[in-house]
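# Structural overview for review
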Amino acid sequence: MIMYQLQGIAVTTGIAIGKAKLLKDRNVAVEEFEIDENQIEAELEFFKASISEVVNEIDQFIENFNLINEDKTIIETHKMILLDPDFVISVEKLVRNDKKNLEQAIYIHFMRAIDYFKNLDNQLYAERACDYEDVFHRLMLHLKKIDSNVVDEIEEGDIVVVSDLPPSLVSQIHKKGATGIVMSKGSKASHSIIIARALGLPIITGVKFQHIIHQGDVLIIDSKKGFVLVNPVDHLFQEFIDLQKKIKREISDLIDYIELIPTSANSEEFKILSNIDLPIEVEHLLEVNSDGIGLFRTESFYNDRKNLPTEDEQYATYKSIAQKLGDRPLVIRTTDIGGDKVASWYTLEKESNPNLGCRGIRFSLKYKSIFKVQLRAILEASNFGNISIMFPMISTFEEFVEAKAVLDECKEELHRARVPFAENIPVGTMIETPSAAICADGLARVCDFFSIGTNDLLQYTVAVDRGNENIASYYNHYNPAFLTLILKTIQSAHKHKKPVAICGEMAADTQFTAFLLNAGIKELSVGVDHTLKLKKFIRSVDSKKGVPFVEKLYDCLTTSDAKNFIDRINEICVDKGYMC
Ligand code: PEP
Ligand code: MG
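Description of the structure in this document. Keep in mind the model is a prediction, meaning the values are calculated, not measured.

Analysis parameters
- Residues numbered from 1 in each chain as written.
- Chains lettered and ligands numbered in written order.
- Predicted model: local features only at pLDDT ≥ 70, side-chain atom pairs only at ≥ 80, totals over all residues.
- Heavy atoms only, no water.
- Axes fitted to C-alpha atoms, helices over the stretch in contact; angles between N-to-C directions.
- Helix = DSSP H or I, 4+ residues; strand = E, 2+ residues; numbered from the N terminus.
- Parallel < 35°, antiparallel > 145°, perpendicular 65-115°, else oblique.
- Left-handed = near helix turned anticlockwise from the far one by under 90°.
- Contact = heavy atoms within 4.5 Å.
- Buried < 20%, exposed > 50% of the residue type's maximum accessible area, 1.4 Å probe, protein only.
- Core = buried A, V, L, I, M, F, W, Y, C linked by side-chain atoms within 4.5 Å.
- Pairing = 2+ DSSP bridges.
- Expected span 1.5 Å × (residues − 1).
- Phe/Tyr/Trp six-rings, centres within 6.5 Å; stacked < 30°, edge-to-face > 60°.
- Lys NZ or Arg CZ within 6 Å of the ring centre and 35° of its normal.
- Donors = N, O, S within 2.8 Å, 3.2 Å for Na, K, Ca; no water.
- Polar contact = N/O pair within 3.5 Å; in protein donor to acceptor, adjacent residues only side chain to side chain.

### Things to note about the packing of helix 11 (residues 311-325) against helix 13 (residues 368-381)
- Taken N-terminus to C-terminus, the directions of helix 11 and helix 13 make an angle of 40°; their axes are 8 Å apart at the nearest point. The pairing of helix 11 with helix 13 is recorded here as oblique in orientation. The handedness of the crossing between helix 11 and helix 13 is right-handed. Listed contacts from helix 13 to Glu 311, Gln 314, Tyr 315, Tyr 318 and Lys 319 of helix 11 are Val 373, Gln 374, Arg 376, Ala 377, Ile 378, Glu 380 and Ala 381.

### Examining the environment of Tyr 116
- Among the structural elements, Tyr 116 can be located in helix 4 (residues 102-118).
- Classification of Tyr 116 by relative accessible area gives exposed; the value is 52%.
- For the pair Tyr 116 and Ala 129, spaced 13 residues apart in the sequence, the C-alpha separation amounts to 8.1 Å.

### Thoughts on the nonpolar core
- Within the largest apolar cluster, 94 residues are counted, with the highest numbers of intra-cluster contacts made by Phe 391 and Phe 515.
- Among the nonpolar cores identified, the runner-up in size contains 50 residues, and Phe 47, Leu 82, Phe 110 and Ile 181 belong to it.

### Side note on the sheet that holds strand 8 (residues 227-230)
- Read across the open sheet, the eight strands follow the order 1-8-7-3-4-5-6-2; overall the sheet is mixed. Two strands in the sheet have a free side with no partner beyond their single neighbour: strand 1 (4-7) and strand 2 (9-10).
- Across five bridges, the pairing between strand 3 (residues 15-22) and strand 7 (residues 218-222) is antiparallel. Along strand 7, the bridge assignment pairs Ile 17 with Ile 220.
- In the packing of helix 8 (residues 234-254) onto the sheet, the strands contacted are strand 3, strand 7 and strand 8, and the crossing angle to strand 3 comes to about 120°.

### Here we look at helix 11
- Its 15 residues place the ends of helix 11 21 Å apart at the C-alpha level, agreeing with the 21 Å of an ideal helix rising 1.5 Å per residue.
- The complete set of buried residues in helix 11 reads Glu 313, Gln 314, Thr 317, Tyr 318, Ser 320, Ile 321, Ala 322 and Leu 325.
- Gly 326 sits one or two residues past helix 11 and shows a positive phi near 60°.

### What to know about the pairing of strand 7
- Burial within strand 7 is extensive, with four of its five residues counted as buried.
- In this sheet, strand 8 lies alongside strand 7 in antiparallel orientation, the contact comprising four bridges. Note that in strand 8 the partner of Ile 221 across the bridge is Val 228.
- Hairpin connection of strand 7 to strand 8: four residues between the antiparallel strands, including Gly 226 at a positive phi of 80°.

### Topic: the pairing of strand 11 (residues 329-333)
- With four of five residues buried, strand 11 is to be regarded as a mostly interior element.
- Here strand 10 (residues 293-297) runs beside strand 11; their pairing, made up of three bridges, is parallel. Residue pairing in the sheet places Arg 297 in a bridge with Arg 333 of strand 11.
- Bridge count for strand 11 against strand 12 (residues 386-391) is five bridges, and the pairing is parallel. Residue pairing for strand 12: Leu 330 is matched across the bridge by Ile 387.

### Observations concerning helix 13
- An ideal rise of 1.5 Å per residue puts 20 Å on 14 residues; helix 13 measures up with 20 Å between its terminal C-alpha atoms.
- For helix 13, the buried fraction is high: eleven of the 14 residues fall into the buried class.
- Listing the buried residues of helix 13 in full gives Ile 370, Phe 371, Lys 372, Gln 374, Leu 375, Arg 376, Ala 377, Ile 378, Leu 379, Glu 380 and Ala 381.
- Looking at the buried positions of helix 13, the neighbouring elements they touch are helix 10 (299-302), helix 11, strand 11, helix 12 (361-366), strand 12 and helix 14 (397-416).

### Considering the packing of aromatic side chains
- In the structure shown here, the tally under the stated rule is 16 aromatic pairs.
- Ring centres 5.7 Å apart and planes at 45° place the aromatic pair Phe 110 and Phe 136 in the tilted group. A residue pair is termed long-range when its members are at least 10 positions apart, and Phe 110 in helix 4 and Phe 136 in helix 5 (residues 123-143) qualify at 26 residues.
- For Phe 136, a relative accessible area of 5% translates into the label buried.
- Ring pairs connect the aromatic residues Phe 47, Phe 87, Tyr 107, Phe 110, Tyr 116, Phe 117, Tyr 132 and Phe 136, which therefore count as one cluster.
- Residue placement shows Lys 319 over the ring face of Phe 384; its charged tip is 4.5 Å from the ring centre.

### With respect to the sheet that holds strand 13 (residues 427-431)
- Read around the closed barrel, eight strands run 9-10-11-12-13-14-15-16, paired in parallel fashion. The sheet shows a mean angle of 25° between the axes of neighbouring strands, taken without regard to direction.
- Packed on one face of the sheet, helix 13 meets strand 11 and strand 12 and runs near 160° to strand 12.
- Where helix 18 (residues 480-495) meets the sheet, it contacts strand 13, strand 14 (450-453) and strand 15 (500-503), and its direction lies at approximately 175° from that of strand 14.

### Some thoughts on the coordination of the magnesium ion (ligand 2)
- Around the magnesium ion (ligand 2), the protein supplies Glu 432 (OE) and Asp 456 (OD) as donor atoms, at distances of 2.0 to 2.1 Å. Remark: Asp 456 occurs in helix 17 (residues 454-461) and Glu 432 occurs in the loop between strand 13 and helix 15 (434-438); sequence separation between them is 24 residues.

### A closer look at the side chain of Gln 459
- Note that Gln 459 resides in helix 17.
- What makes Gln 459 buried here is its relative accessible area of 3%.
- A polar contact is formed between the side chain of Gln 459 and the side chain of Asp 456, at a distance of 2.9 Å.
- When near neighbours in sequence (up to four residues on either side) are disregarded, Gln 459 contacts Asn 355, Arg 359, Val 464, Asp 465, Arg 466 and Tyr 475.

Below, the structure written as structure tokens:
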């Protein structure tokens, strides 16, 4: 049998192994006809009763699945779509004035909304179109009293393969003992996927499985990487069985840490925040109970498109993320265009050495109108949550002062336009160039906070392109000059009583956790997947025992001296059972 690998979209995590069970499509044909005058009231009564029944169903879902956070919000959005007065008015009009039968009237209303959101060409609105599609299907199934006997065919251990699923079937599929789902439709935020996630069912969407997956084929889903293997060869099969066992062990081990506060062995509290590149990651960080967003890289707005992002588009995204986070902080880094993060529309200048070129804040100060659009969007969103602004690639004191002056201009413009915003929004800087680290004492006087970007700080300290594999051995986090800059930066921040966080990959490397905590770091911002592992590790670290030793770093001459120094701090501070 030939093995295939089909790529889809990763929407949950987990591995599922089982036999393919292809279900029939859920597409329902919409009946279209003209009704008589005397049918109008009956159609409308049926309409109202159906809405209230579906709303009840949704309420039951929320309760039964104990949905919280993002998932609950999305499902409540579905409820709002149904209860929207405009929906009722538009269907009533179509039935009463145009004599459309109910199914047709609902169809017309929903297709208008779906087309509208799809044409807005924006990820957030595309998800809103999916919400409308989901609600439409749910309502149509209800109107047509389509029952769900398709699930009768499912046997324990099956992986269900279907183009699309109503949410109500997902829980039934789970009850029948299916281990995973492969779908060709559905977004990360669609109702069915939320339920699958709540049930812990591995699921992949966007898989073009037609004519490739057949009834009874052996499937392996890797829902984190978003692919499905069809009839895998023996050694792969065994590899995934082992991987599945390993993941199950790791997850059940880490799940207990979700609700725990990140606390060290000596009971000091820390914060573990998240670095995100895409708005969609917010959902995941809420699931692991992250303390907020310590670094929102906003380059995704600018890259992979032909035009610039508008103020409204950015505002909508910042606002929505801030609202989802509630009181938790959201640190928005202004765009770090340049270097290796070059946008396709940015063809103004070709640089021979872009990493040392017009990157980050240099770009923003050069193209102030682009910068101001982003700053105004952040300010406008600042009333909806706990937002801070952070500038990337600051290398001089003057740059920070100039960037803040541009921010002040934006504040003035919003005042004049009577647009409210958080007047005292905190403004911080990345410390990711050696000159910023060396001048940290001065910067700390004018900044509200620091976040140390170790990825670039190392690259620029040792003059090694972080993406160049040929010289990767020079890109070594044990370099004593680099570690010295980190320690000096932390000390400067403390001197001026300014918070200092660490982002960049080093924050998630547990080899350095004891050093960082003992040096005085209170906040670590890491990729979402590292959150629980780090939280667990911190519980084994004493954050005070190493304090008298941290300045021994200044005696290190070589990389191996610094490695011995870090090992020594680990020996002193990390519970032996956890030694990394
Ligand atoms: C860093 O440089 O450490 C950092 C977090 O920024 P980026 O990786 O986006 O350059
Ligand atoms: Mg950086």
